[in-house]
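# Fold and geometry: a report
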Amino acid sequence: MNPARDHLLRQLADGRFHSGEQLARALGVSRSAVWKQIQRLEADLGLAISAVRGRGYRLPAPLELLDSDRISAELSDAAKDTLGAMSVLSMTASTNGCASADLPMESGCARVWLAEHQTEGRGRRGRRWVSAFGEKLYISMAWRFDMPMTELGGLSLVAGVVVAEVLAHLGLEGHALKWPNDVLVGRRKLSGILVEVSGEADGPATAVIGVGVNFRVPEAQGAQIDQPWTDLSRASPVVMSRNRMAGILIDRLIHACGLFSTERLRPFLGRWERFDGLTGQPVRIMHGKRSIDGIYRGITPSGGMVLEEASGCSEYHAGEVSLRKDGDL
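The present account deals with the structure reproduced in this document. As the structure is a computational prediction, the values presented were derived from the model and not from experiment. (Residues numbered from 1 in each chain as written. Predicted model: local features only at pLDDT ≥ 70, side-chain atom pairs only at ≥ 80, totals over all residues. Heavy atoms only, no water.)

## Considering the overall build of the protein
For the protein, the count of helices and strands is 11 helices and 14 strands. The C-alpha radius of gyration of the protein comes to 21 Å, within 12% of the 20 Å expected for a compact globule of 329 residues. Once the C-alpha set of the protein is aligned to its principal axes, its extents read approximately 70 × 45 × 35 Å. Out of the 329 residues belonging to the protein, those deemed buried represent 50%. For the protein, the accessible area works out to roughly 15,100 Å², and carbon and sulfur atoms hold 47% of it. Distance between charge centroids for the protein: 7 Å, based on 39 positive and 38 negative side chains. (Helix = DSSP H or I, 4+ residues; strand = E, 2+ residues; numbered from the N terminus. Rg over C-alpha atoms; globule rule 2.2 N^0.38 Å. Buried < 20%, exposed > 50% of the residue type's maximum accessible area, 1.4 Å probe, protein only. Areas by Shrake-Rupley, 256 points an atom, 1.4 Å probe, with all protein chains shown as cover. Lys, Arg positive; Asp, Glu negative; His and termini not counted. Charge placed at Lys NZ, Arg CZ, Asp CG, Glu CD.)

Below, the structure is given as structure tokens:
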């Protein structure tokens, strides 16, 4: 997004009316140029901007735009020392894509990307992650590990633990994890995580951890989502700050990656089980082209899912899990 449009959006972010004259003066352009920029914001970002004669322009609700200073203020000194770079974008195809193109060259160093809007966001199994400008939180963090790629499988569970714990810290109640790391409220998806790993088979290996959290999903956007969903405006008893959540998430992801580097999954197992939302539930796992039904019986020390089938218990380390018809996940 160009600087003029970015400046205009920040003027409108408070949700109040701003006259064309005021906006033109703030941006140093003509009123007709303001009108053209308003049209571009609506066309490019899907924003609904009200125009009322005699009052001016406004967004239907305030937007808390991402602010690198406010995010950094939530970081511990240890996290600041570990964070090699943090980039905050108005719009990008995918924060995971940005992170994958800018991987850290040394171990134990994080690089972070955030965006207001993604045009090609994706989840597991290639699912599209529907985006609304400024209404969700998108964070991708790249971290290099001195370990083989095969030992990074449990990192998906670690990321789920961090997101669930941060949400609880900020006041959310009643949420649960669906293996390996979807965060659900009332069996509706609130947050998704995509971990992508690259590197040498014997190490080092780099992981890009992408986190998406629904803050407020407009109904028109929600209609495009192909699974039950919710957002913090519906699920949380408190109003949460995107900047504060972003800073705390980055801080705790950095700490978790450092801990995982030395102790692997062990310190996270009990923490994950605190939020385990499927124990004893009938589930279906899509494993390759196979569809397998059974009863979910928790996770193994290596992070695999235990499924009780008619022939006994089996362990799975990959696949897409959903509750069967009586559960509707």
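Still more to cover.
## Considerations on helix 7 (residues 155-169)
Compared with an ideal rise of 1.5 Å per residue, which puts 15 residues at 21 Å, helix 7 spans 21 Å between its outermost C-alpha atoms and is within 8% of the ideal. Counting buried residues along helix 7, 13 of its 15 residues qualify, which places the element largely inside the surrounding structure. Just downstream of helix 7, Gly171 is the residue with a positive phi angle, here 115 degrees. (Expected span 1.5 Å × (residues − 1).)

## What about the pairing of strand 3 (residues 83-92)?
One ladder, built from 8 bridges, connects strand 3 with strand 4 (residues 110-118); its direction is parallel. Counterpart to Val88 in the pairing with strand 4 is Leu114. As for the winding sense of the linkage, the β-α-β connection from strand 3 through helix 6 (residues 95-100) to strand 4 is right-handed. (Pairing = 2+ DSSP bridges. Right-handed = clockwise from strand over helix to strand, strands pointing away.)

## A closer look at the layout of surface pockets
Taken as a whole, the largest pocket encloses approximately 520 Å³ of empty space. Lining the largest pocket are 27 residues, and of these Gly153, Ser156, Pro180, His317 and Ala318 lie nearest its centre. Of all the elements in the fold, those that place two or more residues in the lining of the largest pocket are helix 7 and strand 8 (188-199). A total of 4 residues in the lining of the largest pocket trace back to one element, the largest contributor, which is strand 8. (1 Å grid on protein atoms, 1.4 Å probe; cavity = no way out; pocket = protein on both sides within 12 Å on 5 of 7 lines; lining within 4 Å. Points joined across faces, edges and corners; volume = space filled by probe spheres on them.)

## Description of the sheet that holds strand 12 (residues 305-309)
As summarised here, the arrangement of the 5 strands in space is 13-12-11-10-14, forming an open sheet in which the pairing is antiparallel. Since the sheet does not close on itself, it has two edges, and those belong to strand 13 (312-316) and strand 14 (320-323), each with one partner. Averaged over neighbouring strand pairs, the angle between their axes works out to 45 degrees when direction is ignored. Relative to strand 12, strand 11 (residues 290-299) runs antiparallel, the two sharing 3 bridges. In the strand pairing of strand 12, Tyr296 is matched with Leu307. (Axes fitted to C-alpha atoms, helices over the stretch in contact; angles between N-to-C directions.)

## A few points about the packing of helix 1 (residues 3-12) against helix 3 (residues 31-45)
Between helix 1 and helix 3, whose axes approach to 10 Å, the crossing angle comes to 85 degrees. Considering their axes alone, helix 1 and helix 3 lie roughly perpendicular with respect to each other. Packed against helix 1, whose contacting residues are Ala4, Arg5, Leu8, Leu9 and Leu12, the element helix 3 presents Val34, Gln37, Ile38, Arg40, Leu41, Asp44 and Leu45 at the interface. Within the contact of helix 1 with helix 3, the residues separate by chemical class into 8 nonpolar, 1 polar and 3 charged. (Parallel < 35°, antiparallel > 145°, perpendicular 65-115°, else oblique. Contact = heavy atoms within 4.5 Å. Nonpolar A, V, L, I, M, F, W, Y, C, P; charged D, E, K, R; others polar.)

## Let's talk about the sheet that holds strand 6 (residues 175-178)
Pairing between the strands of a sheet is mediated by backbone hydrogen bonds and can be parallel or antiparallel. Spatially, 7 strands are ordered 3-4-5-9-8-7-6 in an open sheet, and the strand pairing comes out mixed. Two strands in the sheet have a free side with no partner beyond their single neighbour: strand 3 and strand 6. The average angle at which neighbouring strand axes cross in this sheet is 15 degrees, direction not considered. The pairing of strand 4 with strand 5 (residues 136-145) spans 6 bridges and is antiparallel. Across the sheet, the residue bridging to Trp113 is Ser140, located in strand 5. Across the sheet, helix 7 lies against strand 5, strand 6, strand 7 (182-185), strand 8 and strand 9 (205-214), angled at about 145 degrees from strand 8, the strand it touches most.

## Quick word on the environment of Ser107
Mapped onto the secondary structure, Ser107 falls in the loop between helix 6 and strand 4. By relative accessible area, which is 27% here, Ser107 ends up partly exposed. Taking the C-alpha atoms as reference, Ser107 lies 24 Å from Asn181; in sequence the two are 74 residues apart. Setting aside its immediate chain neighbours within four residues, Ser107 contacts Arg144, Phe145 and Asp146. Here Asp146 takes part through its side chain, which lies 2.7 Å from a polar atom of the side chain of Ser107. (Polar contact = N/O pair within 3.5 Å; in protein donor to acceptor, adjacent residues only side chain to side chain.)

## Regarding the pattern of salt bridges
Under the criterion given, the structure shown has 17 salt bridges. When the shortest N-O distance is used, the salt bridge between Arg10 and Asp6 registers 3.6 Å. Linking Arg10 with Asp6, this pair stays in helix 1, spanning 4 residues, or about one helical turn. Judged by relative accessible area, Arg10 falls into the partly exposed class, the value being 41%. Judged by its relative accessible area of 22%, Asp6 is partly exposed. (Salt bridge = Lys/Arg side-chain N within 4 Å of Asp/Glu carboxyl O.)

## Overview of the packing of aromatic side chains
Evaluated as defined, the whole model comprises 3 aromatic pairs. Of the aromatic side chains, those joined through ring pairs into one cluster are Trp143, Phe145 and Phe260. (Phe/Tyr/Trp six-rings, centres within 6.5 Å; stacked < 30°, edge-to-face > 60°.)

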